[in-house]
Amino acid sequence: MENALSDFQISLKNIQFISPKINKGLLLVFVVNGEITIEIDSRFYKLNEQDLLVINRNQLYQVQGNENNYVLLLNISDAFMDHYYSEYRNIRFECFSQEVDMGREKMLNNIKKMLIELMLSNSRKGESYQIEMHSHICKILLILIRSFKQKGGAIEKLDTDDLRLKKIVDFMERNYQHVITLEDMASLSYLSTGYLSRYFKQKMGMGFSRFLNNIRLKHSVKDLLYTNDTISQISMKNGFANSKSFTNLFKEMYGVTPQIYRENNSKEQIDSFKNYQIEDVETLINSPEILTKLGDLLNQHDQSYRNAESQFEELRLDLSHSLNASLSRPRNILIIRELKELLKEDVRSQLLMVKDEMRLDYVGISNLLKGETITADVETDEIIATSSPYFKSDIALNFLQRNSLALFIKIEYQEITADEDKNFQKLYQFLRHCLQLYGASYLTSWRFLFYEPYHTAVEAKEIKRVYLKMRELLKKLIPNSQVGVFLPFSYKDEKLNKPHDWMLVDEEMIDFFGYDSNQNDMVDFQELNEDQFYSVKDYLKERTMKIKAFLKNHAIEKPLHLITWNTLSGNTRFTNGTFFRAALVLKSVLDIVDEVESIGFWINTALHEGESNGQRFQIEGLELFHYFSGKRPAYFAMVFAKKLNGIVIAKGADYVMTKNDRGYQLVLMNCNTINPYFSIEETFLQKLNKEILVKIKGLEEGEYQIRKYVFDREHGALYTKWLSLNSKHGLDLEIIDYINRTSHPKLELFDETITDTWSFYSYLTVNAIHFFDMRKAIL
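Residues numbered from 1 in each chain as written. Predicted model: local features only at pLDDT ≥ 70, side-chain atom pairs only at ≥ 80, totals over all residues. Heavy atoms only, no water.

J.: Provide a residue-level description of the overall build of the chain, including the pertinent values.
T.: Scanning the chain from terminus to terminus reveals 27 helices and 28 strands. Considering the chain as a whole, with its 779 residues, one finds that 53% of them fall into the buried category. Counted over contacts in the chain with a minimum sequence separation of 6, partners at least 24 positions apart contribute 77%. For the chain, the exposed area adds up to about 36,600 Å²; of that, 48% sits on carbon and sulfur atoms. (Helix = DSSP H or I, 4+ residues; strand = E, 2+ residues; numbered from the N terminus. Buried < 20%, exposed > 50% of the residue type's maximum accessible area, 1.4 Å probe, protein only. Contact = heavy atoms within 4.5 Å. Areas by Shrake-Rupley, 256 points an atom, 1.4 Å probe, with all protein chains shown as cover.)

Right, dumping it as structure tokens:
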């Protein structure tokens, strides 16, 4: 380990003792068996089996181990690091396996895995072993650089944008052993001597010569304590002109001469290990048994962590400056098409699951007048009729009332005017029947939405006439009923078209507005230009705020109900299945919770596709269930929305943190608005994965149980399971039931002792959600 390294060196050793020395290069220490203790700058690291520690360049260390230890050592030279990583001398790596933050276990395991593979490749020495070793080392360094890097040395004082000063200091750090004059440095930097002197002192707070000598002193102290070199040798070795200048500067800095400093401190260093000895005691090991053990360890750590292309972010939260905002909870509407669908057992079970797990207030229906819910009158000569046109609706409404669910009824202009007199009479008779059975208080909880689309050939006075007629009928029967209109708002033009302008004049006759938001209408999926997708990433929020601003400009303030909406999903069944978008759904909802009274969803794929009458699959609404009651991403996203409770203490574009009576909750999202066709390009998606370092300051100190829910393509997405269990012979109910039972977010559990600042890492794949429930333990 004392030999100069031209590249890198790997070895497996039994270490009894390594005397104090200054590390040259980068040293990775991995304990395969037994235990060792390493002292670095007066700090002790006790490494047990499978522990890993990185020793940085110029760090002072010594090692003592027990009798039966086996230690894998990888030393990467300064020359190798300088060649491939220009920032090497400006940073250090903080990597000790016992102190790795939560969320970095996989990365650490991957380093261990590659160290073992590196050792095995070196032992086998196959045809391509040198290439294999080079590859493993580069992968190890990528993880260290991307995940365990910290600032180091004098470069911390630098303005990172001042490249010229950075180069000057870097040159001094690399060449402090040699003669370096201000004149020479000025010439190399193409500056005058006077200008460089003033410039350096202004930036660094001290003169050029003093800064250079401080670098030399730093290295001299290490030699003074950990070598037997004379004072004269140390001064010459570290670039001082003579021992006198070294002694004078040392005494000025430390208050004593180098010799006295050595005498006062060397005993403390020598006694740091009780069995101190000058000579190293270490033995190279090369036995089949140890290689077998390495192979076993390799299997344990075979969890690859491929994040070299991922983004890295740091999220710092200081709870001493918390928001303390209330958490709004809009009502949910679940659209089932016709009321008669509630006669189906699977629809009922899905409604109850939604009510229980994500909250449900309204069941949305349409086609009340032209559909099959109200059957035609039957001619009969019976004195008392034994049939009723409302037997289907009664069964459905009994179920809804029993479960405290209200109706959200959409009545279209075209539907009611197809046979106006007959349909108004039909509506009147139906509502009178419902009043008789269920009472006015229940019907008052219903909502009635009058609908006519933006592109219409109907004149304004005709739309207004039919709406007011419907409103009058409803208010006569149910005085406190809520009757609203669909607001066909143009996002691009920020206006209504002329047939709907009457709504702005007669707004006192309108109790609420319904609106839609379909992000898919705003882009061309055949275009590969990512700019158009990025431009609509916050489409729902922006559309909602535009509508509110538009109404406010006309002095209108009415409740808003988001009836149908969607995130990007593509326009085919294929992209709709492969494009995982849970984070987009949750973020969209969290963006508008303070602005709307309710949010609508479609119940399932089967009914949604039935609505299109066999035409192209509709993409204007989010479904909660797939076929056979499989839960789609929107379902679990809304489950997380319900699970979030308490007071909002921090909020950003991709995160929300709350405080409640049990502790804290934190939601992290990796939202990516991209062309859904790219969702099948794995290489592209890897570039969108995101690693977040979270640092939270100001948490209540104590013991916590951390429940972490991971919802991504691998943990909860139906389509992943459908693909993995696919068969050309089809899937039966047993397989489908298994897919549904196993397609849910993953739960991880941790015990943490939190003192002031708590930090951890989360690695989120595309559109993933990580939900942390931080429950304070009662001791």
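J.: Now, about a nonpolar patch on the surface: what can you tell me, with residues and values included?
T.: A cluster of nonpolar side chains, namely Leu343, Phe391 and Ile395, defines an oily patch on the protein surface of about 260 Å² accessible area. Assignment of secondary structure puts isoleucine 395 in helix 13 (residues 391-402). (Patch = residues over 30% accessible without salt bridge, like charges linked within 9 Å, V, L, I, M, F, W, Y side chains within 5 Å. Salt bridge = Lys/Arg side-chain N within 4 Å of Asp/Glu carboxyl O.)

J.: Could you give me a rundown of the pairing of strand 19 (residues 598-604), with the residues and numbers involved?
T.: Counting buried positions along strand 19 yields seven of seven residues, so the element is predominantly enclosed. Here strand 12 (residues 331-337) runs beside strand 19; their pairing, made up of five bridges, is parallel. Its bridge partner lying in strand 19, asparagine 332 is registered against isoleucine 599. Where strand 19 meets strand 20 (residues 623-625), two bridges bridge the pair, whose relative direction is parallel. By the bridge assignment for strand 20, tryptophan 602 is matched with glutamate 623. (Pairing = 2+ DSSP bridges.)

J.: Tell me about the packing of helix 22 (residues 582-592) against helix 24 (residues 633-643), and name the residues and values.
T.: Direction vectors running N to C along helix 22 and helix 24 enclose 45 degrees, while the axes themselves pass 8 Å from each other. Considered as vectors, helix 22 and helix 24 are oriented oblique to each other. Judged by the twist between their axes, the crossing of helix 22 over helix 24 is right-handed. Residues Ala582, Val585, Leu586 and Val589 of helix 22 form the contact with helix 24, whose own contacting residues are Pro633, Ala634, Ala637, Met638, Phe640 and Ala641. Here the residues of the contact of helix 22 with helix 24 are counted per class, giving ten nonpolar, no polar and no charged. (Axes fitted to C-alpha atoms, helices over the stretch in contact; angles between N-to-C directions. Parallel < 35°, antiparallel > 145°, perpendicular 65-115°, else oblique. Left-handed = near helix turned anticlockwise from the far one by under 90°. Nonpolar A, V, L, I, M, F, W, Y, C, P; charged D, E, K, R; others polar.)

J.: Got a sec to walk through the nonpolar core? Specific residues and values, please.
T.: Across soluble globular proteins, you tend to see nonpolar side chains buried next to one another. Counting residues in each nonpolar core, the largest one holds 126 residues, and the members touching the most others are Leu351, Leu400, Leu431, Trp446 and Ile769. With residues near it in sequence (within four places) discarded, leucine 431 still touches Leu443, Trp446, Phe448, Leu473, Leu474 and Leu477. Counting 37 residues, the second largest nonpolar core, distinct from the first, contains Leu52, Leu72, Leu74 and Ile137. (Core = buried A, V, L, I, M, F, W, Y, C linked by side-chain atoms within 4.5 Å.)

J.: Give a detailed account of the sheet that holds strand 23 (residues 663-669), specifying residues and quantitative values.
T.: With respect to topology, six strands assemble into an open sheet ordered 21-22-23-28-25-26, the strand pairing being antiparallel. Two strands close off the open sheet at either side, each with one partner strand: strand 21 (647-652) and strand 26 (746-754). Across the sheet, the axes of successive neighbouring strands diverge by a mean angle of 15 degrees, strand direction being ignored. Note: strand 21 against strand 22 (residues 655-660), five bridges, orientation antiparallel. Bridge pairing links lysine 651 to valine 656 in strand 22. This element, helix 22, spans strand 21, strand 22, strand 23, strand 25 (702-711) and strand 28 (769-776) of the sheet and lies at about 120 degrees to strand 23. Most of the contacts of helix 24 go to strand 25, to which it runs at about 160 degrees, and overall it touches strand 23, strand 25 and strand 28.

J.: Tell me about the sheet that holds strand 27 (residues 758-764), and please be specific about residues and values.
T.: Pairing within the open sheet is mixed, and its three strands lie in the order 11-24-27. Edge strands, defined here as strands with exactly one partner in the open sheet, are strand 11 (311-318) and strand 27. Going across the sheet, the axis of each strand differs from the next one's by a mean of 15 degrees, ignoring polarity. Across eight bridges, the pairing between strand 11 and strand 24 (residues 690-697) is parallel. Bridge assignment links leucine 317 to a residue of strand 24, and that residue is isoleucine 696.

J.: If you had to explain the environment of isoleucine 365 to someone new, which residues and values would you point to?
T.: Structurally, isoleucine 365 is set in strand 13 (residues 362-365). Overall, isoleucine 365 belongs to the buried group, its relative accessible area being 2%. Along the sequence, isoleucine 365 and isoleucine 333 sit 32 residues apart, while their C-alpha atoms lie 9.8 Å from each other. Residue contacts for isoleucine 365: discarding those within four places in its chain leaves Ile336, Arg337, Glu338, Leu339, Leu407, Phe408, Ile409 and Lys410.

J.: Please provide a residue-by-residue account of the packing of aromatic side chains, values included.
T.: Inspection of the entire model under this criterion finds 34 aromatic pairs. Considering the side-chain rings of phenylalanine 450 and tyrosine 467, the 5.6 Å spacing of their centres and the 55 degrees angle between planes classify their relative orientation as tilted. Taken as a pair, phenylalanine 450 in strand 15 (residues 447-451) and tyrosine 467 in helix 17 (residues 460-477) lie far apart in primary sequence, 17 residues in all. Through a chain of ring-to-ring contacts, three or more aromatic side chains come together here, namely Phe580, Phe625, Tyr635, Phe636, Phe640, Tyr709, Phe711 and Phe771. In this structure, arginine 104 packs its charged tip against the face of phenylalanine 148, placed 5.3 Å from the ring centre. A cation over a ring is seen here: arginine 104 above tyrosine 761, with NZ or CZ 2.8 Å from the ring centre. (Phe/Tyr/Trp six-rings, centres within 6.5 Å; stacked < 30°, edge-to-face > 60°. Lys NZ or Arg CZ within 6 Å of the ring centre and 35° of its normal.)

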